Amino acid sequence: MQGFEICYAFAIFPLRGENIRRFFMKRTLSFVLVLCFVSGVAFAQKVMVIKAAHSMPTTYHYHDGMIKFAEEVAKRSNGTMKIEIYPAAQLGEERVTMEQCKIGAIPIVLTGISDSYAPRTGVFGLPFLFRDSDHANKVLNGPIGQEVYKDLEANNLRLLSVWENGFRQISNSKRPINKVDDLVGLKIRTPESPVWIDTIKAFGAIPTPMPFAETATAIIQGLVDGQENAILHMLANKTYEIQKYIAIVNYMYGPAPLLACKTWFDKLTAEQQKILLESASIANTYMRSVAAKNEASALEIFKKAGNIITTPSPDSFRAKVEPLYSTTFAEKYGMDLIDRIRNVK
């Protein structure tokens, strides 16, 4: 049919070749426009939207890390991968989102819990295990961290990076803590975990395990005298408004692993996997710097609010828990693993 049209054009306009040129140009332009439209639709269909959830408010450094992660993924994938962030437990509390991640309903989660799914990861929460945040980062995002967090794969969870919740401090409503003996007799809320319970008991306090959601009410009603948590957690949950005394002890570190559903991750191309891993690593560095700045600001907020902040020597605290290493902790995690972690420089 197209050949007939061309011949017809020659027959009618034998001396007007310009008409034939215009004829071809119009046909070519139409074809190009159609091709661009189809290609645009195809490109739009290739954008992979990835749900990523965490339980903390948008003012917490978790969210800063997630935003950076999303930006890096978008940039490195040329817009073909989009991280859709769900903060503040919008998709459920941590245990709920972990279960959803296992089945792929939420491909990526940032969590503060992992030992329920891989018991050996609990070693990273032992008291005074890490010298500082840099030591923790080297261990958690190095060979030891990769080895231990690999245990999560039995529950269809795959590590992308280990971010930071922070070192835990102790607050109370009764008195300033200038030495470990000042904790004797105080009722301190702890998570429902043997490591926390044994540690607070070793300090001479009375551990009172309960869900965090019940802590503020328990403090106000006098059921507990204090609690322990990271500085930025105390800020986000306004614990400092109902606890006058805060002791900076840095006695326990809180990792925050960024996890993906393993079967979902394994189905990605090698390039997509690389994009996620590299973006998670960059976001880890960024969020740690944000956390350090925010902690300094938080302490100033506490002081202006009238809180009394003390910085007792950690030596007396460390001495109280050291016997646990040769007994309870060694039996649970093995001294070889503990020593390997401590010896990382």
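Residues numbered from 1 in each chain as written. Predicted model: local features only at pLDDT ≥ 70, side-chain atom pairs only at ≥ 80, totals over all residues. Heavy atoms only, no water.

*Asks:* How should the packing of aromatic side chains be read in this particular structure?
*Replies:* Aromatic rings in a pair are described by how distant their centres are and how their planes are angled relative to each other. If you walk through the whole model with that rule in mind, you get 9 aromatic pairs. With a centroid separation of 5.6 Å and 75° between ring planes, the pair formed by Phe203 and Tyr251 is classed as edge-to-face. Pair noted here: Phe203 is in the loop between helix H7 (194-202) and strand E6 (206-209) and Tyr251 is in strand E8 (residues 245-261), with a separation of 48 residues, a long-range link. For the pair shown, Phe203 and Tyr251 are each scored as buried. For the pair Tyr325 and Phe329, a centre-to-centre distance of 5.1 Å together with 85° between the ring planes defines the contact as edge-to-face. (Phe/Tyr/Trp six-rings, centres within 6.5 Å; stacked < 30°, edge-to-face > 60°. Helix = DSSP H or I, 4+ residues; strand = E, 2+ residues; numbered from the N terminus. Buried < 20%, exposed > 50% of the residue type's maximum accessible area, 1.4 Å probe, protein only.)

*Asks:* Just to check I follow, could you spell out the packing of helix H12 (residues 314-333) against helix H13 (residues 335-342) for this structure?
*Replies:* Think of two packed helices as two axes; the pair is described by the angle between the axes and how far apart they sit. Packing of H12 against H13 leaves a shortest axis separation of 8 Å and a crossing angle of 120°. Here Glu322, Tyr325, Phe329, Ala330 and Tyr333 of H12 come into contact with H13, specifically with Met335, Leu337, Ile338 and Arg342. Grouping the amino acids of the contact of H12 with H13 by side-chain chemistry returns 7 nonpolar, no polar and 2 charged. (Axes fitted to C-alpha atoms, helices over the stretch in contact; angles between N-to-C directions. Contact = heavy atoms within 4.5 Å. Nonpolar A, V, L, I, M, F, W, Y, C, P; charged D, E, K, R; others polar.)

*Asks:* Looking at this structure, how should I read the packing of helix H3 (residues 61-76) against helix H11 (residues 270-304)?
*Replies:* Between H3 and H11, the least distance of the axes is 8 Å, while the angle of their chain directions is 145°. When you trace H3 past H11, the crossing you get is right-handed. Contacts between H3 and H11 involve His61, Tyr62, Asp64, Gly65, Lys68, Phe69, Glu72, Val73 and Arg76 from the former and Ile275, Leu276, Glu278, Ser279, Ala280, Ile282, Ala283, Tyr286, Met287, Val290, Ala291 and Asn294 from the latter. Among the residues forming the contact of H3 with H11, the class breakdown is 12 nonpolar, 4 polar and 5 charged. (Left-handed = near helix turned anticlockwise from the far one by under 90°.)

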